[in-house]
Amino acid sequence: MNSYEDNALKEMFIWQKKMLKKPSFSSNMAKELQTKMNNLIPSKVQNVINSSIENMAKLVLAGSKFTSKPPLTNMSLEEREILAKNKIDFYRSTATVSGAGTGYAGILVGLSDFPILLSLKVKFLFEMASIYGFDTHNYKERLYILYVFQLAFSSDKRRLEIYSQVSNWETYVEDLPTDINSFDWTTFQQEYRDYIDLAKMLQLVPGIGAAVGGYANYKLMTKLYDTALNAYRLRIFK
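Turning our attention to the overall build of the protein. Check the secondary structure of the protein and you find eleven helices and zero strands. When the helices and strands of the protein are placed in sequence order, the string is α-α-α-α-α-α-α-α-α-α-α. Among the 238 residues that make up the protein, the fraction classed as buried is 47%. Within the protein, counting contacts between residues at least 6 apart in sequence, those at least 24 apart form 83% of the total.

Here it is, written out as structure tokens:
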């Protein structure tokens with residue numbers, strides 16, 4: 001193991017500790033507050049989010065729309081992660097511009113950022129799978145993408161459950177059904193919606209929408225990058 005891999009392994013161990021951290025009292029309180037806030041969200045907004053999430057997940061599992069380059073082989077971890085860094089710089093910048101632009105335009109246009117951001121996140125994850133040498137033509141690899149997505153954008157309680165599954169992926173995936181309709185859409189939608197609601201709702205507020213939208217998208221893409229980076233390191237080091 002070279003020095004780069006050694007440092008990457010240490011970073012992964014730090015990330016693992018964060019993933020295994022039990023929900024705190026404050027996080028439980030925040031979850032309760034978020035649940036109450038959901039009741040204040042217009043049904044139109046909830047419908048846009050829910051339909052966008054379910055459609056995206058179905059497209060991922062079916063293997064349609066989202067494509068990526070063939071898995072990269074014969075590369076060092078450092079070479080792969082240089083490519084990963086370049087990818088997140090591009091996708092994060094694109095998401096930031098989208099969030100700022102749609103936030104500036106107002107409520108109706110602001111709603112359009114939900115499916116746009118979802119699409120960018122998933123395209124980025126397909127790119128990451130390819131960079132780390134995993135073939136997304138394989139249904140199990142596309143399923144892994146959705147689990148990494150959930151790991152990044154779930155409550156603390158749900159995160160512990162998803163991390164356990166991701167960290168034992170090769171064993172866990174063997175018992176999963178191959179029927180896309182068996183996927184737990186309801187939990188997937190609820191967790192993602194709860195995670196992003198507060199920041200994204202502020203994006204729809206006239207006057208501050210542009211600043212909030214750009215910043216929120218930047219932070220959400222950064223969180224996804226950190227999660228995906230370490231989730232794929234986890235499989236490579238194993």
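The discussion continues.
When its volume is computed, the second largest pocket comes out at roughly 190 Å³. Contributing to the lining of the second largest pocket are 15 residues, with Tyr147, Tyr172, Leu176, Phe183 and Asp184 lying nearest its centre. Looking at side-chain class alone, the lining of the second largest pocket contains nine nonpolar, three polar and three charged residues.

Attention shifts here to the confidence of the model for the protein. For the protein, the average pLDDT comes to 80, and 73% of its residues sit at 70 or higher. Ranking the elements of the protein by mean pLDDT puts helix H5 (residues 107-111) last, at 49, and helix H1 (residues 3-19) first, at 97. Counting interchain partners and residues more than four positions distant, the pLDDT-below-50 stretch residues 103-110 has eleven contacts.

Quick look at the packing of H1 against helix H8 (residues 156-167) now. Remark: H1 packs on H8, axes separated minimally by 9 Å, with the N-to-C direction vectors making an angle of 130°. Here H1 is positioned oblique relative to H8, judged by the angle of their axes. Contact residues: H1 offers Trp15, Gln16, Lys18 and Met19, while H8 offers Arg159, Leu160 and Tyr163. Tallied by class, the residues present in the contact of H1 with H8 amount to four nonpolar, one polar and two charged.

Below, the discussion takes up the packing of aromatic side chains. One pass over the structure, following the stated rule, counts twelve aromatic pairs. Judged by centre distance (6.0 Å) and plane angle (50°), the rings of Trp169 and Tyr172 are tilted. Residue Trp169 and its partner Tyr172 are located together in helix H9 (residues 169-172), separated by three residues, close to a single helical turn. The class of Trp169 is buried, set by a relative accessible area of 3%. The exposure class of Tyr172 is partly exposed, given its relative accessible area of 24%. Taken together, the ring pairs connect Tyr132, Phe134, Tyr144, Tyr147, Trp169, Tyr172 and Tyr232 into an aromatic cluster. The ring of Phe134 is capped by Arg235, whose NZ or CZ atom sits 4.1 Å from the centre of that ring. The ring of Tyr144 is capped by Arg235, whose NZ or CZ atom sits 4.4 Å from the centre of that ring.

What follows concerns helix H7 (residues 139-152). Spanning 14 residues, H7 covers 20 Å between terminal C-alpha atoms, matching the ideal 20 Å at 1.5 Å per step. Burial runs high along H7: 13 of the 14 residues are buried. Capping the start of H7 is the job of one residue whose side-chain oxygen sits 2.8 Å from the backbone nitrogen of Lys140: Asn138.

The subject of this paragraph is the nonpolar core. Ranked by size, the top nonpolar core spans 58 residues in total, and within it Phe124, Met128 and Leu143 carry the most contacts. Elements represented by at least two residues in this core include exactly H1, helix H3 (43-62), helix H4 (77-105), helix H6 (113-131), H7, H8, helix H10 (185-203) and helix H11 (209-237). Examining the composition of this core, we find that eleven residues originate from one element, H6, more than from any other. Residue contacts for Met128: discarding those within four places in its chain leaves Ala84, Tyr225, Ala228, Leu229 and Tyr232.

This part takes up the side chain of Gln150. Position of Gln150 among the secondary structure elements: in helix H7. Beyond its immediate stretch of four places on either side in the chain, Gln150 contacts Arg158, Ile162, Phe183 and Phe188.

What follows covers the environment of Met1. Within the secondary structure layout, Met1 lies in the segment before H1. Residues contacting Met1, with those up to four places away along its chain left out, are Asp6, Leu9 and Phe237.

This next bit is on the pattern of salt bridges. For the structure shown, the criterion picks out eleven salt bridges. In this structure, the salt-bridge partner of Arg235 is Glu141, at a minimum N-O distance of 2.8 Å. Of this pair, Arg235 sits in helix H11 while Glu141 sits in helix H7; the two residues are 94 residues apart in sequence, bridging distant segments of the chain. Note on Arg235: relative accessible area 13%, which makes it buried. Beyond isolated ion pairs, a larger network of salt bridges with shared partners links Glu11, Glu81 and Arg233.

Rules of the game
- Residues take numbers from 1 onward in each chain, read along the sequence in its written order.
- Whole-chain, interface and lining totals are the exception, using all residues; otherwise, since this is a predicted model, local features are given only for residues with pLDDT of at least 70 and side-chain atom pairs are given and counted only at 80 or more.
- Side-chain numbers here rest on the full set of heavy atoms in the structure, without hydrogens or water.
- Going along the chain from the N terminus, every DSSP run of H or I of four or more residues is numbered as a helix, and every run of E of two or more is numbered as a strand.
- A 1.4 Å probe rolled over the protein chains alone gives each residue an accessible area, and that area as a share of the maximum for its type sets the label: buried under 20%, exposed over 50%, partly exposed in between.
- Any pair of residues with heavy atoms lying within 4.5 Å of one another is described as a contacting pair.
- Put simply, the grid is 1 Å and covers the protein atoms alone, a cavity is a trapped set of points that fit a 1.4 Å probe, a pocket is an open set with protein on both sides within 12 Å along at least five of seven lines, and lining residues have an atom within 4 Å of a point.
- Grid points are joined across faces, edges and corners, and a volume is the space filled by probe spheres set on the points.
- Only Asp, Glu, Lys and Arg are considered charged in this grouping, and only Ala, Val, Leu, Ile, Met, Phe, Trp, Tyr, Cys and Pro are considered nonpolar; every other residue, Gly among them, is considered polar.
- Within a predicted model, pLDDT stands for the predictor's per-residue confidence, ranging from 0 to 100.
- For helices, the axis comes from a line fit to the C-alpha atoms of the stretch in contact; other axes are also lines fit to C-alpha atoms, and the angle between any two N-to-C directions lies between 0 and 180 degrees.
- Roughly parallel here means an angle under 35 degrees, roughly antiparallel means over 145, roughly perpendicular means 65 to 115, and every remaining angle is called oblique.
- For Phe, Tyr and Trp, rings pair up if their centres lie within 6.5 Å, where Trp contributes its six-membered ring, and each pair is then called stacked (planes under 30 degrees apart), edge-to-face (over 60) or tilted (otherwise).
- The rule for a charge over a ring is simple: NZ of Lys or CZ of Arg within 6 Å of the ring centre, and within 35 degrees of the ring normal.
- The span you would expect from a helix comes to 1.5 Å times its residue count less one.
- Here a polar contact is recorded for every N or O atom pair within 3.5 Å, except that within protein the pair must consist of a potential hydrogen donor and a potential acceptor, and residues adjacent in sequence are included only if both atoms are side-chain atoms.
- Here the nonpolar core consists of buried residues drawn from Ala, Val, Leu, Ile, Met, Phe, Trp, Tyr and Cys, with membership extended through side-chain atoms lying within 4.5 Å.
- Here, a salt bridge means any side-chain nitrogen of Lys or Arg that lies within 4 Å of a carboxyl oxygen of Asp or Glu.

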